[in-house]
Amino acid sequence: MNAVKTGSHAASTLEKTPVGDLVETKGHSSGAEWLTRYSTSLMGVFGTPQRVLVRGAGCLVWDADGKEYLDLLGGIAVNALGHAHPFVTSVISSQLATLGHVSNFFTSPTQIALAEKLLALTHAPAGSKVFFTNSGTEANEAAFKLARRNGAGPDGTTGKRTKIIALEGAFHGRTMGALALTAKEAYRAPFEPLPGGVVHIPFGDVAALEAAIDETVAAVFLEPIQGEAGVRPLPPGYLKAAREATTKAGALLILDEVQTGIGRTGKWLATEDAGIVPDAITLAKGLGGGFPIGALLTFGERTSSLLSAGQHGTTFGGNPVATAAALATLHAIESQRVLENVAVVGDYLRTGLAAVDGVTEVRGVGLLIGFDLDADVAPAVVIAGLDAGFIVNSPGPRTIRLAPPLVLTKDQAGTFLAALPAILQTAKDAQ
Ligand SMILES: *Cc1c(COP(=O)(O)O)cnc(C)c1O
């Protein structure tokens, strides 16, 4: 009775416990032993993980064998503020201890505050709206459904706009709709038929876009910088041309800023200075500072009303804890002047990388960086990097990607630049 009145949990036999006590170590806990257990219990879609990570702080992480790493990948552009950020941790904990989940029959203040904050940060025009998801692929699924409603009749049927345009090299996620937008044959082919109507056109080619677009096109999906394709920015002027062509044909222009958004390029959005207003933007990776959350932002009244009541939904999307995590992340980025750090450290890294023997090209903006090597040794560089205490990624056979926490310091970046020549040599010797 008392517990009902105060809202507290009834007396329980559960004591406060560090999470480690819930993890059965079976008397062993080396990385190799964990990986044996992994291979017998986890689905093999990711291959064998490179290390078993147990702890992080800022830009550093430690593995099960106690080895320390400088994290230059940040969970693939996710850990915007590094690991175990005290402010984000405290906000998440306080929300979880207050109200952890409500269904979408209800809302909560953090959900509303985050939607308002995102619309303000992206300078969204009047009538713009937000739909929260749990991941990038779900944000793009929502955008795909939005596109299907462009030109559709109120009777529930879809209209004459049967086509969606995406670019060669595009990566938009792994669920069926987002996979249909993704270009890579190895990801697509095993799962065909995919949702229909998606046409992939050559990357960065304005003439190809203008030739492909007509009144049968519902939407054009673009990444401002193709991350999975090796950090390839769209050429200058492309977004403007895409905006003109889509407006003329009545197609939606949908920007996938899942990887490039939330300060990754030193701006809230990579497309902030492109001089265009898109119809929709998708966000995810850095938004929750490591906590899973994504969002579809629809710009303007017309686009925002394409999906009507009952036409889309999600159980977890917009959850109080996830939206609190994002509010905390955005606040920390703003109040700690993180965007300025991204510009300074990003430039420092790019300049330093360009001067390293064996690096043939450096691309990217802010702290989303890709660089090419003079030999197909990128996977070996990842391994040599780990052995030297650095986490990097190889999206291609001779391409390395860096997407470190946005709080990476110049000194930390400098340790990588100093170590890189030896890492490249080790990788080449291993070939
Ligand atoms: C990572 C990524 C996605 C997919 O996000 P998930 O959270 O992995 O589903 C979609 N688009 C881009 C540009 C991405 O980088």
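Residues numbered from 1 in each chain as written. Predicted model: local features only at pLDDT ≥ 70, side-chain atom pairs only at ≥ 80, totals over all residues. Heavy atoms only, no water.

## Some points on the site of the ligand
- Ser-135, Gly-136, Thr-137, Asn-140, Phe-171, His-172, Gly-173, Glu-223, Asp-256, Val-258, Gln-259 and Lys-285 make up every residue found near the ligand.
- The contact in question runs from an oxygen atom of the ligand to an N or O atom on the backbone of Thr-137, over 2.8 Å.
- Contact distances for the ligand include 3.4 Å between a nitrogen atom and a backbone N or O atom of Phe-171.
- Look at the ligand: alone it shows 380 Å² of surface, and the protein chains cover 81% of it. (Near = heavy atom within 4 Å. Polar contact = N/O pair within 3.5 Å; in protein donor to acceptor, adjacent residues only side chain to side chain. Areas by Shrake-Rupley, 256 points an atom, 1.4 Å probe, with all protein chains shown as cover.)

## Quick notes on a nonpolar patch on the surface
- A surface patch of nonpolar side chains, amounting to about 320 Å² of accessible area, comprises Val-19, Leu-22 and Val-23.
- You can see Leu-22 is positioned in the loop between helix H1 (2–6) and helix H2 (31–41). (Patch = residues over 30% accessible without salt bridge, like charges linked within 9 Å, V, L, I, M, F, W, Y side chains within 5 Å. Salt bridge = Lys/Arg side-chain N within 4 Å of Asp/Glu carboxyl O. Helix = DSSP H or I, 4+ residues; strand = E, 2+ residues; numbered from the N terminus.)

## Some remarks on unusual backbone geometry
- Cis geometry marks the peptide bond from Glu-192 to Pro-193; its omega dihedral reads 5°.
- Considering the arrangement of structural elements, one finds Pro-193 in the loop between helix H8 (185–188) and strand E6 (198–201).
- Of note, the phi angle at Arg-337 is positive, near 55°, even though the residue is not glycine.
- Here Arg-337 is to be found in the loop between helix H12 (320–335) and helix H13 (338–354).

## Topic: the domain arrangement of the protein chain
- One can read the domain layout of the protein chain as domain 1 (25–85 + 337–430) and domain 2 (99–335).
- Centre-to-centre, using C-alpha coordinates, domain 1 lies 27 Å away from domain 2.
- When domain 1 packs against domain 2, the two sides together hide about 2,100 Å² of surface, and 62% of this comes from carbon and sulfur.
- Among the ionic pairs, Glu-228 bridges to Arg-401, the shortest N-O distance being 2.9 Å.
- Where domain 1 touches domain 2, the interface holds eleven residue pairs in polar contact (both at pLDDT 80 or more).
- Mapped onto the side of domain 1 that touches domain 2, the elements with two or more residues apiece are helix H3 (74–77), H13, strand E13 (359–365), strand E14 (368–373) and strand E17 (399–402).
- With four residues, E14 is the largest single contributor of residues to the side of domain 1 that touches domain 2. (Domains from an automatic or database assignment. Buried area = accessible area lost by both parts, 1.4 Å probe.)

## Description of helix H6 (residues 136–148)
- With 13 residues, H6 should reach 18 Å at 1.5 Å per residue; the first-to-last C-alpha distance of 19 Å fits that figure.
- Taken together, the buried positions of H6 are occupied by Gly-136, Thr-137, Ala-139, Asn-140, Ala-142, Ala-143, Phe-144, Leu-146 and Ala-147. (Expected span 1.5 Å × (residues − 1). Buried < 20%, exposed > 50% of the residue type's maximum accessible area, 1.4 Å probe, protein only.)

## Brief notes about empty space enclosed by the protein
- Applying the stated criterion across every chain yields a total of one cavity of 30 Å³ or more.
- In this structure, the largest cavity encloses a volume near 30 Å³.
- What lines the largest cavity is Leu-118, Leu-121, Thr-122, Ile-262, Trp-268, Leu-269 and Leu-283.
- Partitioned by chemical class, the residues of the lining of the largest cavity number six nonpolar, one polar and no charged. (1 Å grid on protein atoms, 1.4 Å probe; cavity = no way out; pocket = protein on both sides within 12 Å on 5 of 7 lines; lining within 4 Å. Points joined across faces, edges and corners; volume = space filled by probe spheres on them. Nonpolar A, V, L, I, M, F, W, Y, C, P; charged D, E, K, R; others polar.)

## Describing the packing of H13 against helix H15 (residues 410–430)
- It is the contact of H13 with H15, at a shortest axis distance of 10 Å, that shows an interaxial angle of 15°. Accordingly, the angle class assigned to the pair H13 and H15 is roughly parallel. For the element pair H13 and H15, the recorded crossing hand is right-handed. Contacts between H13 and H15 pair Val-344, Val-345, Tyr-348, Leu-349, Gly-352 and Leu-353 from the former with Lys-410, Ala-413, Gly-414, Phe-416, Leu-417 and Leu-420 from the latter.
- Across the contact of H13 with H15, the residue classes break down as nine nonpolar, two polar and one charged. (Axes fitted to C-alpha atoms, helices over the stretch in contact; angles between N-to-C directions. Parallel < 35°, antiparallel > 145°, perpendicular 65-115°, else oblique. Left-handed = near helix turned anticlockwise from the far one by under 90°. Contact = heavy atoms within 4.5 Å.)

## Regarding the sheet that holds E13
- Overall, antiparallel pairing links the four strands, which are arranged E13-E14-E17-E16 in an open sheet. Strands at the two margins of the open sheet, each flanked by one partner only, are E13 and strand E16 (393–396). Ignoring which end each strand starts from, the neighbouring axes of this sheet average 30° apart.
- In this sheet, E17 lies alongside E16 in antiparallel orientation, the contact comprising two bridges. By the bridge assignment, Asn-393 is partnered in E17 with Arg-401.
- In the packing of helix H14 (residues 378–387) onto the sheet, the strands contacted are E14, E16 and E17, and the crossing angle to E16 comes to about 175°.
- Lying on the sheet, H15 is in contact with E13, E14 and E17; it crosses E14 at an angle near 30°. (Pairing = 2+ DSSP bridges.)

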